[in-house]
Structure formats: C-alpha cells, structure tokens
Protein chains: 2
Amino acid sequence: MAVSQSELSFARRMEGMTGNVIREILKLTQQPDVISFAGGLPSPDSFPESHIRRILEEIGGEFTSILQYATTEGYPPLREFLAAWVQGRGIEATPDQVLILTGSQQGIDLACKALLDPGDVVLVERPTYLTALQVFRMYQARAVAVPGDDEGIDPDALEKAIAEHRPKMLYAVPTFRNPSGETWSPERRRRIAQLTAAAGVVVVEDDPYGLLRYDGQPLPAVKAFDEAGNIIYLGSFSKIISPGLRVGYAVAREQLLRKLVIGKQTTDVHSSNLSQYIVNAFGRSPAFQSHLETICAQYRAKRDRMLAAMEAHFPAEARWTRPQGGLFTWVTLPETVSTTRLLERAVQQKVAFIPGTPFYTDGGGDHSMRLNFSNASFAQIDEGIARLGRTLKEALA
Amino acid sequence: MAVSQSELSFARRMEGMTGNVIREILKLTQQPDVISFAGGLPSPDSFPESHIRRILEEIGGEFTSILQYATTEGYPPLREFLAAWVQGRGIEATPDQVLILTGSQQGIDLACKALLDPGDVVLVERPTYLTALQVFRMYQARAVAVPGDDEGIDPDALEKAIAEHRPKMLYAVPTFRNPSGETWSPERRRRIAQLTAAAGVVVVEDDPYGLLRYDGQPLPAVKAFDEAGNIIYLGSFSKIISPGLRVGYAVAREQLLRKLVIGKQTTDVHSSNLSQYIVNAFGRSPAFQSHLETICAQYRAKRDRMLAAMEAHFPAEARWTRPQGGLFTWVTLPETVSTTRLLERAVQQKVAFIPGTPFYTDGGGDHSMRLNFSNASFAQIDEGIARLGRTLKEALA
C-alpha cells in the first residue's frame, strides 16, 4: 500500500532545483569558529532594536486592525510613505503604484509569475544574483547574460541580445551589484531604460542596497528614467532595518502592479501587518535618517577593513572590486583556481565564502568568489581574511 | 517611445485572472453601514491582544535573532511546538516534517508549485474554497469536482475520477468545509486516505478551521490516516490567534516538505520572525487553551444567533447548513434565483454575502450563497439577516 517517494511525480519546474546554494552553505558554516563571508546578512549591531521596542510598546488602538486581515496591496500609510520616499531615488509614484511585499525577493517571484511562460528569455547581468537565477529556473525561463563593464550592461550588447532573444524581461541590481559591487553610471541607466522601453521589455530593477552608499554621490534609480512604464522597481528594508521582519516593496504603474497584486493574493494574501506597522513607524521617525547614517558609517569601516586585510594577506595574483556601497566585494583569481574546490579547504580552515559559479548562467566564474563584509566583526574580518589569504596562496603554490 | 500596456505581454497563466472575488467584494462592502457576511474574517474581539502585548514586552536577548535572517523552514521552537501539537489531530510528525508558512494559503501555492504542470488535474470538493481554485488556475491546472454528500467526497466517485483523470492532487477542506460548513466522517477520511495513497495522488488537506468546533467530538485529520506519506496537512493560526500576523504551517514527510521549502526559498525566503515568535510564545502559554475555549463559545453563540435569525427571516424555500464548527453557513435557494444578481440588490440594502458560483469549477451553484457568522456582532447578525431575508423574499416574489 505504501507509496514510495519515487512514485510521486513532481512538476517539471522542480527538475534540478536543489535549493539555494547560499542557504545550504550558510547551514554548513553555522558551526562555531567558522568565520563566514558567505551570506548577505546585515550586522546584528545594525538593527534599530530599541526603536522597534518603543514602537511596539506604543501601539495604541490600531492593534486590533494590525491583527486582522488586511488588503493585499499593503498598509496604506506605508504605501503613502514609500511613494514619497522613493522620490529620493528620482522616482515619481503615487501610493497606488506601491505594493508591499514579504521581502523584495517576493517581487522577483511575482514579476516572473506575471510575465514569464516556459521558454521565455530573461536578460541578466554577468554575474548576477543567484537566487534570481533560481527563480527564473523555477519558471522554466531561460536566463541569458548580457556582457557589460564596471559602468553596467553594455548598451550595444543589450540591443543585440534583445534582437536575438526577444526577451520578456531584464533583471538587474544596478546599484552596488550583487555579487560584484559595481554600480551603473547615470548615462547607462538612461540608455538602458530607453532601449528596453522601445523594445517592450519589462525591467525588474532590484535595489536592496541603494541606500548603503559609503562614497560618491547618490544616483537616480533606473526607474527614474521610466517614461514608458516598463520598469518595476523593487526595494527592501532587509538591509536597512531588519531582514527578519520580511518587508520589501514594488513600485510600478497600476496596470503592471495589478498583475503582481493578483499573484500575491493567491500566494500569501498580504504581508505581516505588524512588520508593515513597524517599518512605517520607524521609517517616518526622525531616528530613521540618523540610523541610516550610522549603518553606512559602520559598513564603510568594515568595507575598508576588509579591503585593507585583503591588501595585506591576499596573493598578488588576486584582484577585487572596491564597491562604493552595498555588502559585497568580488574577488577574481587566476583561471587555474576553482573556488568551488577551494571552498572545502577554506571551510576546513574555518572560513567561508560563496564560489562564483552560481552567479553565472553558463557555468563561468569558477575562479571568482563573493565576500560579504557587513556581518563579521573587525576581528573576524582580520582573522578570516588572513585564513583565506593562506588558503589562496596554498592553492596558487 | 512610450510603451502602452497592450504592448506588454503577460504570462499565459494570467489570462482570465481578475483577482480574488471575495477580496474585491470586501472592498465594495467596506463602506460604512454595509453589514458584511461576505469575508472569512475572525471577530475583532477574538484576538488575544493583551497576551500579544505582554509577549512583545517580554522579548529578551532573542530580539536580535528575531530581526536577523532565519532559515526557510521556520523558527525551530515553533516547528517543535507544532510537531507535538498536531498529535491532537492524530498526526505523528517530527519537527523536521513541519514548515512554517506565511499563512496556510502559501501552502496551497507551494504544493502546486511542487507538483503541478500545466494541464494537470486537481480533484476538489463541490463546492470548494474559491481562492484554491484561483491558485490551480494560476498553475494552469484543471480543477475537477468530485461529488459527495454531507459526510464528504464519495469514495466511488473518487475512484472513478482517479481512473478517468489521473489527477496529481486532491485538494480538500475536510473539517468545517469552506464554503459549506460540513465535515467528513472518520470512515470517509480513512477511505480517502487509502484510495489516494494507492493511486499515488497527493492530498492537500487544508485545515484552517479544525479547532473551531462548537458541537460534537473532535475528529482525527485525514493526515492521521496517512500511511503512505502522500498527505500534506496545512494548518493556520489566522482563525485562532490572528490573520494579520500571517502564520500557517505545512506538515508532510521530509522528501515532500523539501520541495515546498525549495519553492518558499525563492518566494519569500522565510516568514516574519516576529510573527513566528509571537505564535510560538502564545501557543505554548497556558492562556492558549482557554483562549480557544473563549473563541469557540463566542462563535458558537454567533452561529446559533445567525441560524435563529435565518429561521425567523428567511423565506420557506431557503435551506442552509448547520455546521458544527468553522465560520460559514451555506444557503441554498430555488434554482430560479441567481445570487450573483441578488448581490447587487443586497448591497443596496446594505448587506453582503458571497454568491455561490466562484466556489464551483463548472459555473454551478448560482442559487447558493456563503454567509460568515464570525465577524458580525449579534446586532449586525439580527439586522443583516433581516435585510437579507427581505431581499430574498422580494427575489422569490
């Protein structure tokens, strides 16, 4: 009578889906003593815990409505706050153009749900955010990487890719790219908005790190150049308030947003009201701006500490990016090195990173790795980079 | 240069997806003065607000980890609590067989993601939960209703449907059915578990109302008869603690649960830690049991009030179910009545319900309606049912 696992047949979209590489590595590296540069975790010191405690204490008569069902679109005061707030990124939006998400990751999923049929093409950066690649695979779409440089995707290459692949979507993290840390130039932003608009390609602009800027001037979002209404802007509070609350948001014109809302209704109905309430209250408080400045100062120092430690400990053959913001630096090694193989040795030395390959659509990048500098302490950065330097030198010897 | 909406092409799964009928009706009925029996909202009096306030005040050193990223599977103490707690429904499970969800609605979505390809068949009850039907449509699956009676799906009809349609899944709300309020008998539960196991059909047992029992003896879940590991049990805290927190859970054997976890990773990474913390703390407190008893007493009285009001005000031609639990009664009218058309007139009379048709796969049920008795006050029940009775009598005149 018993049905064995093999008798159950799963959906085709599950073929080859083995779970998120990072999250699996994170589990491995949760052993004590391992210094992990693998995740994209904010520093535990960065959470505005006392502010959140006060917000919770001061909830008044609105508690009942926080505990009740709410609209899929999200908590109205938070939608209003965000419509005004994204003006800081050059985005004009009404509250009706804002959808609150259970983390901005959900925005990638809902955009795919709204737009992609199996076999459709999504253009991506090379390298790109690995969990986005997993989402595209889940929707049986084909991710095609477009070449670029440190100013962003190359417009000529984009035009060629659009002509060749007729993509439905372009997915990118234009500001402090995950994994490589670079940022698109303003001119590139404008140009890519134009090219995609002309071709009717929807851009999913994923911007979880935009406010974590440590040097240079803030840039307008790609969405700021969206004259045609083809850009979905995704923002997140995970890196600037708390990831545990799971609050992100999408900004798009109503007709496009409506499709995301329909997708969300059948998925989780709406996001946690309590989380939305906290984010709204903290976001509107005077403390938010100084909190952002504090985090940026903290992460700037950590970035500098890591860059200095790499300078001191890494072999001469290694190169790495010096990001103006975000959470990551990207290390490129000689092509003889496989970081996938190196990871095992590194974990034996009690230090962890993410190998480059999962960020590529084509198996490339195996001689590169992503390092996170936000989560570790100064002492852990010094010690972890020293360990990693030794591991790298051994591999190159 | 401007791209018009018509130039964007959405995914095929979005065709005909116009949003959740209930949620759209809820918006209409949010005008003051409308007495709504349309939603499935718990009573605002039912929320354990003071307990939740105390839990929030007493969060100690664990606040930092609440604010950080966490595992997709869920908060370990809550998984442990649930593994023990579902024993009350006759379910044997380890914490590793529990996945925390952003509402049990997410479980329906993730089960479909794991199992359904376009064109696959899902067997359902007739009538069944309308948002589940929307999920199946979103996955381009075909929902096929299996006839039954007030003891549940008819086993012979189920065997026939399995042979004819080779379904991947059976979806059901066996306890206090949504929308009709009935409950499967123990013998039917056992038989359906056996038949589906033998055929390798995955059962999604959706049980948001199981603990809201006002009469009769508690029954084991269908999952309690799951010898083959083909049943996914979905539970929810939306109706017994708070829907605004968005916490539900799935129980399934590891290999099946793993597929749900992979689907969740790419969707929302994990559910709100703060919500999970609250549910765990309240669920483990001595207050939880007495809270459940209080809600059941409150809803029993509301159910009785509504049944009495219907007796007093409804026309002789109307029939309705007398559920032993849950949130709904189901009204059947002569076939000459269209409740879809009736709704407009009812809303003019400032009373609302859900017409029957959206709960059917085949356009049937237009002479029936679902009434919710949990959200309205006694006075609203009396007045709303009187208004609805007048509207019904006019329609039948």
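Residues numbered from 1 in each chain as written. Chains lettered and ligands numbered in written order. Predicted model: local features only at pLDDT ≥ 70, side-chain atom pairs only at ≥ 80, totals over all residues.

Caption draft 1: Looking closely at the overall build of chain A. Within chain A, the regular secondary structure consists of 13 helices and 15 strands. Scaling as 2.2 N^0.38, a compact globule of 397 residues should have a C-alpha radius of gyration of about 21 Å, and chain A matches this with 21 Å. For the C-alpha atoms alone, the extent of chain A along its principal axes is close to 65 × 65 × 50 Å. Expressed as a percentage of its 397 residues, the buried residues of chain A come to 56%. Long-range contacts, defined as pairs at least 24 residues apart, comprise 76% of the intrachain contacts of chain A with a sequence gap of at least 6. (Helix = DSSP H or I, 4+ residues; strand = E, 2+ residues; numbered from the N terminus. Rg over C-alpha atoms; globule rule 2.2 N^0.38 Å. Buried ≥ 20, exposed ≤ 12 C-beta atoms within 10 Å, placed from the backbone. Contact = placed C-beta atoms within 7 Å.)

Caption draft 2: Inspection of the sheet that holds strand β14 (residues 354-355) of chain A at higher detail. With antiparallel pairing, four strands are arranged side by side in an open sheet as β11-β12-β15-β14 (chain A). Bordering the open sheet on either side are β11 (319-320) and β14 of chain A, each of which pairs with just one other strand. (Pairing = 2+ DSSP bridges.)

Caption draft 3: View of unusual backbone geometry. For the peptide bond that leads from A:R126 to A:P127, omega is 0°, which places it in the cis range. Inspection of the secondary structure puts A:P127 in the loop between β3 (121-124) and α6 (130-138).

Caption draft 4: How the structure looks around the interface of chain A and chain B. With 68 residues of chain A at the interface, the matching set in chain B holds 68 residues. For the side of chain A that touches chain B, the secondary structure elements donating two or more residues are α2 (49-57), α3 (63-67), α5 (105-115), α6, α8 (186-199), α9 (254-265) and α10 (273-284) of chain A. When residues of the side of chain A that touches chain B are assigned to their parent elements, the largest contribution, six residues, is made by α5(A). The residue makeup of the side of chain A that touches chain B, split by class, is 31 nonpolar, 25 polar and twelve charged. (Nonpolar A, V, L, I, M, F, W, Y, C, P; charged D, E, K, R; others polar.)

Caption draft 5: How the structure looks around the packing of helix α5 (residues 105-115) of chain B against helix α6 (residues 130-138) of chain B. Residue and element names in this part refer to chain B. Closest axis-to-axis distance for the α5/α6 pair is 10 Å, and the angle between their directions is 30°. With respect to their mutual orientation, α5 and α6 come out roughly parallel. For the crossing formed where α5 meets α6, the hand is right-handed. Side by side, α5 and α6 meet where Q105, I108, D109 and C112 of the first sit next to T131, A132, V135 and F136 of the second. Grouping the constituent residues of the contact of α5 with α6 by class yields five nonpolar, two polar and one charged. (Axes fitted to C-alpha atoms, helices over the stretch in contact; angles between N-to-C directions. Parallel < 35°, antiparallel > 145°, perpendicular 65-115°, else oblique. Left-handed = near helix turned anticlockwise from the far one by under 90°.)

Caption draft 6: Structural view of the pairing of strand β3 (residues 121-124) of chain B. Residues and elements named next belong to chain B. Where burial is concerned, the two faces of β3 agree: the one with V121 and L123 and the one with V122 and V124 are both buried. With four bridges connecting them, β3 and strand β4 (residues 142-145) associate as parallel partners. In the sheet register, V124 faces β4, and the bridge partner there is A145. On the question of chirality, the crossover connecting β3 to the parallel β4 by way of α6 is right-handed. Here β3 runs beside strand β7 (residues 169-172); their pairing, made up of three bridges, is parallel. Residue pairing across strands places V122 opposite M169, the latter belonging to β7. (Right-handed = clockwise from strand over helix to strand, strands pointing away.)

Caption draft 7: Representation of the relation of the copies chain A and chain B in the model. Rotating chain A by 180° about the axis while translating it 0.0 Å along that axis superimposes it on chain B, leaving an RMSD of 0.0 Å. In short, the pair behaves as if placed about a two-fold rotation axis. (Least-squares fit on C-alpha atoms with pLDDT ≥ 70 in both.)

Caption draft 8: Structural detail: the domain arrangement of chain A. Residue and element names in this part refer to chain A. On domain assignment, one finds that chain A holds domain 1 (5-47 + 289-396) and domain 2 (62-285). For domain 1 versus domain 2, the separation of C-alpha centres amounts to 24 Å. At the interface, 31 residues of domain 1 touch 33 residues of domain 2. Counting only elements with at least two residues in the side of domain 1 that touches domain 2, the list comes to α1 (21-28), α11 (287-313) and β12 (328-332). Examining the composition of the side of domain 1 that touches domain 2, we find that six residues originate from one element, α11, more than from any other. Here the side of domain 1 that touches domain 2 is built from residues that sort into 16 nonpolar, nine polar and six charged. (Domains from an automatic or database assignment.)

Caption draft 9: Summary view of the nonpolar core. Counting residues in hydrophobic clusters, the biggest one holds 242 residues, and the most contacted among them are A:I232, A:A250, B:I232 and B:A250. Here B:I232 is in contact with B:G107, B:A111, B:V202, B:V203, B:V204, B:E205, B:A250, B:A252 and B:L256, once residues within four sequence places are set aside. (Core = buried A, V, L, I, M, F, W, Y, C linked by C-beta atoms within 7 Å.)

Caption draft 10: A look at the pairing of strand β8 (residues 202-207) of chain B. Residue and element names in this part refer to chain B. The buried fraction of β8 is high, at six of six residues. Here β8 shows no split at all, with V202, V204 and D206 on one side and V203, E205 and D207 on the other all buried. The parallel pair β7 and β8, bridged by helix α8 (residues 186-199), forms a crossover whose chirality is right-handed. Alignment of β8 against strand β9 (residues 231-236), held across five bridges, turns out to be parallel. From the neighbouring strand, V204 faces β9, where its bridge partner is I232.

Caption draft 11: Summary view of the sheet that holds strand β2 (residues 98-101) of chain B. Residue and element names in this part refer to chain B. Read across the open sheet, the seven strands follow the order β2-β10-β9-β8-β7-β3-β4; overall the sheet is mixed. The open sheet has two free edges, formed respectively by β2 and β4, since each of these has just one partner strand. Put simply, the sheet's adjacent strands are angled 25° from each other on average, direction ignored. The strands touched by α5 within the sheet are β2, β7, β8, β9 and β10 (248-251), with β8 carrying the most contacts at an inclination of about 170°.

Caption draft 12: Examining helix α13 (residues 378-396) of chain A more closely. All names here are of chain A. The end-to-end C-alpha separation of α13 is 27 Å, in line with the 27 Å expected for 19 residues at 1.5 Å each. Buried within α13 we find I381, G384, I385, L388 and L392. Taken down its axis, α13 places every buried residue within 100° of arc, on the same side. Seen from the open side of α13, the exposed residues pointing more than 90 degrees away from its buried face are A379 and E394. (Expected span 1.5 Å × (residues − 1). Arc of directions from axis to C-beta.)

Caption draft 13: View of helix α7 (residues 155-165) of chain B. Residues and elements named next belong to chain B. Inspection of α7 places L158, A161 and I162 among the buried residues, and these make up the whole buried set. Taken end-on, α7 shows its buried residues confined to a sector of 100°, consistent with a single buried face. Residues of α7 that are exposed and point over 90 degrees away from its buried face: D156, A163 and E164. In this structure, the buried residues of α7 make contact with β3, β4, β6 (152-153) and α8. Of the residues one or two after α7, R166 is the one with positive phi, at around 45°.

Caption draft 14: Highlighting the packing of helix α12 (residues 339-348) of chain B against helix α13 (residues 378-396) of chain B. Residues and elements named next belong to chain B. As a packed pair, α12 and α13 sit with axes 10 Å apart at the nearest point and diverge in direction by 130°. Relative to α13, the element α12 lies oblique. Judged by the sense of rotation from one axis to the other, the crossing of α12 with α13 is right-handed. Together, L342, R345 and A346 of α12 and L388, T391 and A395 of α13 make up the contact between the two elements. Its residues assigned to classes, the contact of α12 with α13 comprises four nonpolar, one polar and one charged.

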